[in-house]
Amino acid sequence: MGRKSPYPAEFRNDAVALYRAAGGKRAYAAVAADVGVTGETLRSWVRQADE
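Reference entry: report on the structure contained in this document. Because the structure is a prediction, the values reported are computed rather than measured.

Before going further, it helps to spend a moment on the overall build of the chain. Scanning the chain from N- to C-terminus turns up three helices and zero strands. Starting at the N terminus, the α and β elements of the chain follow one another as α-α-α. In terms of overall dimensions, the chain is globule-like: its C-alpha atoms have a radius of gyration of 10 Å, near the 10 Å expected for 51 residues. Along the first, second and third principal axes, the C-alpha atoms of the chain reach 30 × 25 × 15 Å.

Written as structure tokens, this is what we have:
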């Protein structure tokens with residue numbers, strides 16, 4: 001919201017797609033570790049994508 005993300009939109013979208021592809025079998029933190037961000041960051045990206 002306040003500041004611009006240092007991650008490109010394509011990277012964020014790919015990370016969200018990777019999380020969704022897991023079909024709920026992997027936690028945010030596990031997928032986030034694979035792409036090099038925190039679990040909370042990935043969770044916020046997923047929430048934003050759902051809006």
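Additional details are given in the paragraphs that follow.
All right, on to the nonpolar core then. Membership of the largest hydrophobic core is limited to nine residues, which are Ala-15, Val-16, Tyr-19, Val-31, Ala-32, Val-37, Leu-42, Trp-45 and Val-46. Dropping the residues within four chain positions of it, Tyr-19 is found in contact with Arg-26, Ala-27, Tyr-28, Val-31, Leu-42 and Val-46.

About the thresholds
Residues numbered from 1 in each chain as written. Predicted model: local features only at pLDDT ≥ 70, side-chain atom pairs only at ≥ 80, totals over all residues. Heavy atoms only, no water. Helix = DSSP H or I, 4+ residues; strand = E, 2+ residues; numbered from the N terminus. Rg over C-alpha atoms; globule rule 2.2 N^0.38 Å. Core = buried A, V, L, I, M, F, W, Y, C linked by side-chain atoms within 4.5 Å. Buried < 20%, exposed > 50% of the residue type's maximum accessible area, 1.4 Å probe, protein only. Contact = heavy atoms within 4.5 Å.

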